[in-house]
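In case you want the letters, here they are:
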Amino acid sequence: MSIAQWRQFNFFDKQQVIDPSDNSKSPAVFQGSDISVITSGQVYISDRNFKTHSFVAYSGGRVTHLKQLKQKNVLVTVGEEDNGTPVVKFWDLDSVDRHKANDKHTATPTCIRMIKIQHGIKPYPVSTIAVLDNMSQLAVGLTSGVVIHVRGDLSKDRTVKQKVIYEGEEPITGLGFREQTKSTILFIVTTDSIMSYNTTANKPTVTTLDEQGCDLGCAIMSDVQEMVVGRDEAIYFYDSTGRGPCFAYDTPKSSLTWFKSNYLVIVSPPVTTTSHLSSAARPALSFSSRRNAMSEFTKVTIFDTANKFIAYVGTFVGGIRSVFCEWNSVWVVGMDGKVYHLDEKDTPTKLEILFKLNLYILAINLAHMQKYDDASIAEIFKKYGDHLYLKGDYDGAIEQYIRTIGQLEPSYVIRKFLDAQRIYNLTNYLQELHSQGLANADHTTLLLNCYTKLKDVSRLDQFIKTDSDLNFDLETAISVCRQAGYYEHAVYLAEKFQEHDLYLDIVIEDMRDYDAALHYIRKLTPHEADKSLQKYSKTLLTHLPEQTTQLLIDLCTGVLTTQTGERINNDSNKVPTQDDALSPTPSTKNTTTALQNLSILPFAGTPNDTGSIHSGNSGLNSTSTPNGMNDSKTHLRKGLSYTPPSARIFMPAFVERPDCLVMLLERVYEKRWGSSNEKLISVAKTGDAASTRSYGNEKHHSNGMNTSQHTLSPQEKEERKTIWNTLLELYLMDEHPVPLMSPQIPAQNNYSQLNERERQKRRKEFRVNALALLKDDSVEYDTNQALVLCQLKQFDEGVVYLYEKTCMYTDILRFWMEKEETDRVIESVRKYGPKDSSLYPMVLTYFSSNPEILSKSTPELLSVINHIDSQNLLPPIQVVQALSQSNVATIGLIKRYIGKKIEHEREDLKQNEELISSYRGETERRRNEIEELQTSARIFQVQKCSGCDGMLDLPAIHFLCRHSYHQRCLGESDRECPQCAIQHRMISEIRRTQEANADRHDLFFEQLDSEEDGFSVIADYFSRNTMAFAKLVD
């Protein structure tokens, strides 16, 4: 490939160097004879301002090679002494040899090492050298084809060892070291071959890499330690393994120089104007008049090896002596003493040049090499994309825009490709935007809409189903898929990322796959299942009542698991039978009635309802669950893995399916509190059979269950109470639901299939269940509420039981009397009469209310009268008044009772008269004795002492109570008879108590209320003279 086939740019500015002291001349160091350091043996050192100083490196000889080390400020020179032997010297430029220092312009650096190079008898000139920057190895190539290797610390070791590692017939044209991790390779280049030599191997050998070499000056080392070889046809790169890449550049080459990291400076041999320039090009060159016809010019080319273009091409008249790179510039020294420097343009200028030429790829590579930031590089990609977009290359444009993601605002690209014809390109851009995680909800919506408009299901599948990470807005993606009708994709996303609510919403509302919804809910955790069923249970009950009810039973009883194994397979397909639960369904004609009945049920949770799983209550202590149940007790007692939610929160979903609600509440009531309907019904029947058949004073036993109950929290008690009330209302519905049948058959058809006998049977079953609930004493239900419900539903057994439970016996009797249930009245008075005597006047009035009842209950009426008489429960006047309220009962009916009572009253009157007579006599005797003591003297004739029973002698003391004592038998302070003092003090204490209690009216009324016979209490108070407020007399 010739130079014309490579892209060429003018990325370097050429400028001639002038002497600071004389603007018309080149720097003095390059003028006159001083330019030839080879013949003088001197070395000139110059700074950037070309202020120079020199020193004699080889006295009487010449300098052939110079090399400045990069890591150390050491200059390596190769020259010849007087005898022509090559000598290599190492100069420490930081140290001055004081013995040779004459002035500042001729200060001589210290020579730290001098090595004579000699092979054989006849010395040969040095053609090239190579030195490691750490000064550990040196390689010298001779024109005789010999390579001498020197090893050792060249800066410190006293002696170093030279070794000939290669001898050939062709002169050595290039040497270079390549330092690798564990070895150091020396490249050897001759005019006809290229070789490598491992200097660190135990037995190093020379390995031929190529059978072609290069001329002197056309082999250099690059910055990445590759040997660069220039031949007329191309530029070749070599590493330790052999030849690498090459660049075709068919031009003769006289020297190569490496600049910076990627530039190769190629100097071509000088050519004459007559043979190489056209007539049009010749006037452009500045030649002197005397050499205008046959002047020579040399071409300098700077090749960018990284980006593969020519960065500069220039010609220099009169030939080039040398090219060197320093101070970030390429310096060209002409044969005529003129010096030029080539300065690289700054990167923005180079980019502008490339932009004008629409060479955006080169611009991007150049920006990368200059380590531009991402924003600047993205701006180049944007310009490239805009260029391609204007050309109509939309595919290429979108590729460039994709590379701006993260820097360029996506809306800039989206607006360009919103047209329907370019929607495919927009899809690619949006997909890449999502893959980098930089898309928002609007981008997701747009991308999915693009997929749906293109009907590209495969790419939609790839976007949704293959990404392991969530690189888009999930809710937006699901929403768009739903709107476009791609329900399977929406369901896939919702299930994959556990958006349970969205999954169920799609499956139920859009796909109407209720079986899948139930199966999915069973796989959820109890907490998630609780939330889902609260939202979708009504819909699921409408279509799959049996399976949904069973799922709710499992959840509310604490047996729902998150595993999809045997438990789900067994329970999810279980269809409840009539033996498992009573499953009624309302008929169509009674739907309104059923709804009215259900409208008063406690379906709505109370404000304190904490039945939902994990719905914590801040008022509970830390050891309680959200339902208020103690965790340890609950788990130990029931073995539950979680706290079941309250069944109350699901009750509103059963408005149209009370049959399922009955089944749910029965199972929850049974499994959570261990009270099954069968057990309650058995207890209820046992209680009914235990009614009293006699009017004796037997103790009344409770009909309820006496089973021991575990301690329940207030919340759980309230929960059980609510379920109890709801079950009772469902059992007492006017039209009872029929058992669950096929969901395809309407409820009214199911109900019409039952005849009247079966309906009555079911009604009786539910009434039995209701009575069993009422007799469950483990529930602290509201008796008044239950009583009102039973009265509204005309549930006689329930009303009577509740009256009995609240000891409202008169209401029981009045209830049966209103219904004219004489047998029930008789049974009730036998059972409750001993507990409440007020029932007897009522029953007497009822029995004598009309002839028909009297004729039916005459034996019972007489039995009641005899019982009243034997137990003395009522005075005869009340019995007569009760029977006389109607004209039905005759005097002959109670003639015997009246006669017996009159005879008994006569006997009592006679006994009372005798008592009165005896009391009067006693009172008279007491009065006479008091009178005698007050008016007459008392004669004491007692001969014995009442204290010691000894013969009474003087001194003696006599008391008016006719007791006498020795004076010695009495104490000094005794002023009362010892025998009568105790009785007197007792009487005095009683009197004091009566006087103190005369003002305690509360004690009087309390005793009056507690006694059945209040008149006897008043008579007793009068008999003790309490009413007289008598004062004790000392």
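Residues numbered from 1 in each chain as written. Predicted model: local features only at pLDDT ≥ 70, side-chain atom pairs only at ≥ 80, totals over all residues. Heavy atoms only, no water.

Per an unreviewed UniProt entry, the protein chain carries the name E3 ubiquitin-protein ligase PEP5 and comes from Circinella minor. Check the Subunit (unreviewed entry) section of the UniProt entry for the protein chain; it says "Component of the homotypic vacuole fusion and vacuole protein sorting (HOPS) complex. Component of the class C core vacuole/endosome tethering (CORVET) complex." The record held by UniProt for the protein chain lists under Catalytic activity (unreviewed entry) the comment "S-ubiquitinyl-[E2 ubiquitin-conjugating enzyme]-L-cysteine + [acceptor protein]-L-lysine = [E2 ubiquitin-conjugating enzyme]-L-cysteine + N(6)-ubiquitinyl-[acceptor protein]-L-lysine." (UniProt positions renumbered as here; feature names shortened; annotations may be inferred.)

As a further point, take the overall build of the protein chain. A count of helical and extended segments in the protein chain gives 35 helices and 29 strands. In the protein chain, buried positions account for 44% of the 1034 residues. When contacts within the protein chain are restricted to residue pairs at least 6 apart in sequence, long-range pairs at least 24 apart make up 54% of them. Element-wise, carbon and sulfur atoms account for 48% of the exposed surface of the protein chain, whose accessible area totals about 55200 Å². (Helix = DSSP H or I, 4+ residues; strand = E, 2+ residues; numbered from the N terminus. Buried < 20%, exposed > 50% of the residue type's maximum accessible area, 1.4 Å probe, protein only. Contact = heavy atoms within 4.5 Å. Areas by Shrake-Rupley, 256 points an atom, 1.4 Å probe, with all protein chains shown as cover.)

Turning next to unusual backbone geometry. Excluding glycine, most residues fall at negative phi; most peptide bonds, likewise, are trans. The peptide bond linking Leu954 to Pro955 adopts the cis configuration, its omega dihedral lying at -5°. With respect to the secondary-structure elements, Pro955 resides in the loop between helix H32 (895-935) and strand S28 (956-958). Within the chain, Asn328 stands out as a residue other than glycine whose phi angle is a positive 60°. With respect to the helices and strands, the residue Asn328 is situated in the loop between strand S25 (320-326) and strand S26 (329-334). Despite not being glycine, Lys455 has its phi angle at roughly 55°, a positive value. By secondary structure assignment, the location of Lys455 is in the loop between helix H9 (441-454) and helix H10 (457-465). Look at Lys455 and you get exposed, because its relative accessible area is 64%.

The next point concerns the packing of helix H4 (residues 360-369) against helix H5 (residues 374-391). Relative orientation of the contacting elements H4 and H5 amounts to 175°, with a least axis distance of 10 Å. By the angle class used here, H4 and H5 are roughly antiparallel. Facing H4, whose interface residues are Tyr360, Ile361, Ala363, Ile364, Ala367 and His368, H5 presents Ile377, Ile380, Phe381, Lys383, Tyr384 and His387. Of the residues assigned to the contact of H4 with H5, the class counts are nine nonpolar, two polar and one charged. (Axes fitted to C-alpha atoms, helices over the stretch in contact; angles between N-to-C directions. Parallel < 35°, antiparallel > 145°, perpendicular 65-115°, else oblique. Nonpolar A, V, L, I, M, F, W, Y, C, P; charged D, E, K, R; others polar.)

In this section: the pairing of strand S12 (residues 172-179). Most of S12 sits inside the fold, with seven of its eight residues counted as buried. Here seven bridges tie S12 to strand S13 (residues 184-190), and the two strands are oriented antiparallel to one another. Residue pairing across strands places Phe177 opposite Leu186, the latter belonging to S13. Once S12 ends, the chain turns through four residues before running back antiparallel as S13. (Pairing = 2+ DSSP bridges.)

It is worth spelling out the sheet that holds strand S4 (residues 62-68) at this point. Spatially, S4-S5-S6-S7 is the arrangement adopted by the four strands of the open sheet, whose pairing is antiparallel. Looking at strand neighbours, the two that pair on one side only are S4 and strand S7 (109-116), the edges of this open sheet. The average angle at which neighbouring strand axes cross in this sheet is 25°, direction not considered. Across seven bridges, the pairing between strand S6 (residues 86-96) and S7 is antiparallel. Of the residues in S7, the one forming a bridge with Phe90 is Arg113.

With that settled, consider the environment of Leu893. Position of Leu893 among the secondary structure elements: in the loop between helix H31 (876-883) and H32. Between the C-alpha atoms of Leu893 and Leu861, which are 32 residues apart in sequence, the distance is 9.3 Å. Not counting residues within four places of it along the chain, the set of residues in contact with Leu893 comprises Leu854, Thr858, Leu861 and Leu862.

To continue, consider the packing of helix H29 (residues 839-847) against helix H30 (residues 851-871). Interaxial distance between H29 and H30 falls to 9 Å at its minimum, and their mutual angle equals 155°. As judged from the angle between their axes, H29 and H30 are roughly antiparallel. Here H29 runs over H30; the crossing is left-handed. Between H29 and H30, the residues in contact are Tyr840, Val843, Leu844, Tyr846 and Phe847 and Ile853, Leu854, Ser857, Glu860, Leu861, Val864, Ile865, His867 and Ile868, respectively. (Left-handed = near helix turned anticlockwise from the far one by under 90°.)

Counting 163 residues, the largest nonpolar core has Leu774, Val843 and Leu844 as its most contacted members. Looking at this core element by element, the count peaks at nine residues for helix H20 (residues 658-673). Core analysis: the next-biggest nonpolar cluster, separate from the first, contains 19 residues, Val74, Val76, Val88 and Val126 among them. (Core = buried A, V, L, I, M, F, W, Y, C linked by side-chain atoms within 4.5 Å.)

In the UniProt entry, the feature "domain: RING-type" (unreviewed entry) is given for residues 945-980. For the annotated span residues 945-980, helix accounts for 8% and strand for 17% of the residues, and the straight-line distance between the end C-alpha atoms is 15 Å.

With that settled, the discussion passes to the pattern of salt bridges. Counted according to the given criterion, the structure contains 22 salt bridges. Linking Glu233 and Arg231 is a salt bridge whose minimum nitrogen-to-oxygen distance equals 3.4 Å. Between Asp510 and Arg482 there is a salt bridge, and its shortest N-O distance comes to 2.7 Å. Of this pair, Asp510 sits in helix H13 (residues 500-510) while Arg482 sits in helix H11 (residues 474-484); the two residues are 28 residues apart in sequence, bridging distant segments of the chain. Connected via shared salt-bridge partners are Asp210, Arg231, Glu233 and Arg243. (Salt bridge = Lys/Arg side-chain N within 4 Å of Asp/Glu carboxyl O.)

So, on to the sheet that holds S13. The four strands lie next to each other as S12-S13-S14-S15, forming an open sheet whose pairing is antiparallel. Since the sheet does not close on itself, it has two edges, and those belong to S12 and strand S15 (206-210), each with one partner. On average, adjacent strands in this sheet sit at an angle of 25° to one another, irrespective of strand direction.

A few words on a nonpolar patch on the surface. Together, Ile982, Met986 and Ile990 make up an exposed nonpolar region whose accessible area comes to about 310 Å². Residue placement: Met986 occurs in helix H33 (residues 978-997). (Patch = residues over 30% accessible without salt bridge, like charges linked within 9 Å, V, L, I, M, F, W, Y side chains within 5 Å.)

Direction of pairing for S25 relative to S26: antiparallel, over a ladder of six bridges. Residue pairing across strands places Phe324 opposite Trp331, the latter belonging to S26. Counted along the chain from S25 to the antiparallel partner S26, the turn is two residues long, and its residue Trp327 has a positive phi close to 55°.

Before going further, it helps to examine helix H15 (residues 526-543). Given a rise of 1.5 Å per residue, 18 residues ought to cover 26 Å, yet the end C-alpha atoms of H15 are separated by just 22 Å, more than 12% below that figure. Maximal helix bending in H15 amounts to about 65°, located at Tyr536. Considered for burial, the residues of H15 that qualify are Pro526, Ala529, Asp530, Ser532, Leu533, Tyr536, Ser537, Leu540 and Leu541. The inward-facing, buried residues of H15 abut H13, helix H14 (514-523), helix H16 (545-556) and H20. (Expected span 1.5 Å × (residues − 1). Bend = angle between axes of the 7 residues up to and from the residue.)

Once that is clear, we can look at helix H8 (residues 423-435). Counted at 1.5 Å a residue, the expected span for H8 with its 13 residues is 18 Å, and the 18 Å between its end C-alpha atoms agrees. What H8 keeps buried is the set Ile423, Asn425, Leu426, Thr427, Tyr429, Leu430, Gln431, Leu433 and His434. Among the structural elements, helix H6 (394-402), helix H7 (410-416), H9 and H10 are those in contact with the buried residues of H8. Phi turns positive one or two residues past the end of H8, at Gly437, with a value near 70°.

This part is about the confidence of the model for the protein chain. On average, residues of the protein chain score 77 in pLDDT, and 80% of them are at 70 or above. Here helix H18 (residues 591-599) stands out as the element of the protein chain with the lowest mean pLDDT, 36, in contrast to strand S17 (residues 227-230), whose mean of 95 is the highest. The model gives residues 274-294 a pLDDT under 50, and that stretch makes 20 contacts with residues more than four places away or in other chains. Across residues 740-753 the pLDDT falls below 50, and counting only partners more than four positions away or on other chains, this stretch makes 27 contacts in the model. (pLDDT = per-residue confidence, 0-100.)

Let us look at the environment of Thr159. Mapping Thr159 onto the fold places it in the loop between strand S10 (146-151) and strand S11 (161-167). Owing to a relative accessible area of 67%, Thr159 belongs among the exposed residues under this scheme. The sequence separation of Thr159 and Ile115 amounts to 44 residues, and the corresponding C-alpha distance is 9.4 Å.

On to the side chain of Thr427, then. Looking at where Thr427 falls in the secondary structure, it is placed in helix H8. Note on Thr427: relative accessible area 0%, which makes it buried. Polar contacts involving the side chain of Thr427 include one to the main-chain carbonyl oxygen of Ile423, which spans 2.8 Å. If sequence neighbours within four positions are ignored, Thr427 has contacts with Leu447, Cys450, Tyr451, Leu454 and Arg459. (Polar contact = N/O pair within 3.5 Å; in protein donor to acceptor, adjacent residues only side chain to side chain.)

Overall, the coordinates contain 26 aromatic pairs when judged by the stated rule. Residues Phe9 and Phe309 carry aromatic rings whose centres are separated by 5.1 Å and whose planes lie at 85° to one another, so their mutual orientation is edge-to-face. Of this pair, Phe9 sits in the segment before strand S1 (12-17) while Phe309 sits in strand S24 (residues 309-317), and the two are 300 residues apart along the sequence. A single burial state applies to Phe9 and to Phe309, both of which are buried. Relative to Phe417, the ring of Tyr389 has its centre 5.5 Å away and its plane inclined at 70°; by these criteria the two rings are edge-to-face. A residue pair is termed long-range when its members are at least 10 positions apart, and Tyr389 in helix H5 and Phe417 in the loop between H7 and H8 qualify at 28 residues. Through a chain of ring-to-ring contacts, three or more aromatic side chains come together here, namely Tyr389, Tyr394, Tyr401, Tyr412 and Phe417. Taking NZ or CZ as reference, Lys14 lies 4.8 Å from the ring centre of Tyr340, over its face. The side chain of Lys416 reaches across the aromatic face of Tyr389, ending 4.7 Å from its centre. (Phe/Tyr/Trp six-rings, centres within 6.5 Å; stacked < 30°, edge-to-face > 60°. Lys NZ or Arg CZ within 6 Å of the ring centre and 35° of its normal.)

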